[in-house]
Amino acid sequence: MGTVDQTTRAVFKLAKNYVREVGEEEFGLNDFCVRAVRGALFEVQLGYLDDAVASLLAVPPRHVQAVTECFVRAVALATDEWNR
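Nothing here was measured: the structure is a model prediction, and the numbers come from that model.

Conventions adopted
Residues numbered from 1 in each chain as written. Predicted model: local features only at pLDDT ≥ 70, side-chain atom pairs only at ≥ 80, totals over all residues. Heavy atoms only, no water. Helix = DSSP H or I, 4+ residues; strand = E, 2+ residues; numbered from the N terminus. Rg over C-alpha atoms; globule rule 2.2 N^0.38 Å. Buried < 20%, exposed > 50% of the residue type's maximum accessible area, 1.4 Å probe, protein only. Lys, Arg positive; Asp, Glu negative; His and termini not counted. Salt bridge = Lys/Arg side-chain N within 4 Å of Asp/Glu carboxyl O. Contact = heavy atoms within 4.5 Å.

## Description of the overall build of the chain
Thinking step 1. For the chain, the helix and strand inventory stands at four helices and zero strands.
Thinking step 2. Listing each helix as α and each strand as β along the chain from the N terminus yields α-α-α-α.
Thinking step 3. Relative to a compact globule of 84 residues, whose C-alpha radius of gyration would be 12 Å, the chain shows 12 Å and is just as compact.
Thinking step 4. For the chain, the C-alpha atoms occupy an extent of roughly 35 × 30 × 15 Å along the three principal directions.
Thinking step 5. Expressed as a percentage of its 84 residues, the buried residues of the chain come to 40%.

## As for the side chain of Lys16
Thinking step 1. Turning to its location among the elements, Lys16 is positioned in helix H1 (residues 6-26).
Thinking step 2. Buried Lys16, no salt bridge; nearest opposite-charge side chain is Glu43, N-O distance 11 Å.
Thinking step 3. For Lys16, the contacting residues outside a window of four places in its chain are Arg38, Leu41, Phe42 and Gln45.

## Side note on the environment of Asp51
Thinking step 1. Along the chain, the position of Asp51 falls in helix H3 (residues 49-57).
Thinking step 2. By relative accessible area, which is 40% here, Asp51 ends up partly exposed.
Thinking step 3. Separated by 33 residues in sequence, Asp51 and Tyr18 have C-alpha atoms that sit 21 Å apart.

## Considering the pattern of salt bridges
Thinking step 1. The final tally for this structure, using the stated rule, is four salt bridges.
Thinking step 2. A salt bridge links Arg73 to Glu26, with the shortest nitrogen-to-oxygen separation between them at 3.3 Å. With Arg73 in helix H4 (residues 64-83) and Glu26 in helix H1, the pair connects residues that are 47 residues apart, well separated along the chain.
Thinking step 3. The closest approach of N and O atoms between Asp31 and Arg35, which form a salt bridge, is 2.9 Å. You can see Asp31 and its partner Arg35 sitting in helix H2 (residues 31-46), four residues apart, about one turn around the helix.
Thinking step 4. Linked through salt bridges whose partners overlap, the residues forming this network are Arg20, Glu24, Asp31 and Arg35.

The structure is reproduced here in structure tokens:
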């Protein structure tokens, strides 16, 4: 288990709001993959970084890249919003 500061928790909580939109519209992810990304974001909030990676890799192999990119994109959007 890692240590996650309050700002990181807030950004990753905010990122969960972007996952469905980004996942479906930009990456064409199905509901299972969207839930995997949201789960990974939640696990980061709690400090379970290994579990977050495992959640991203638990999707079918053909979706791993899109799920990972969705995760990064959602965090980037949340970070931009947080910094405004």
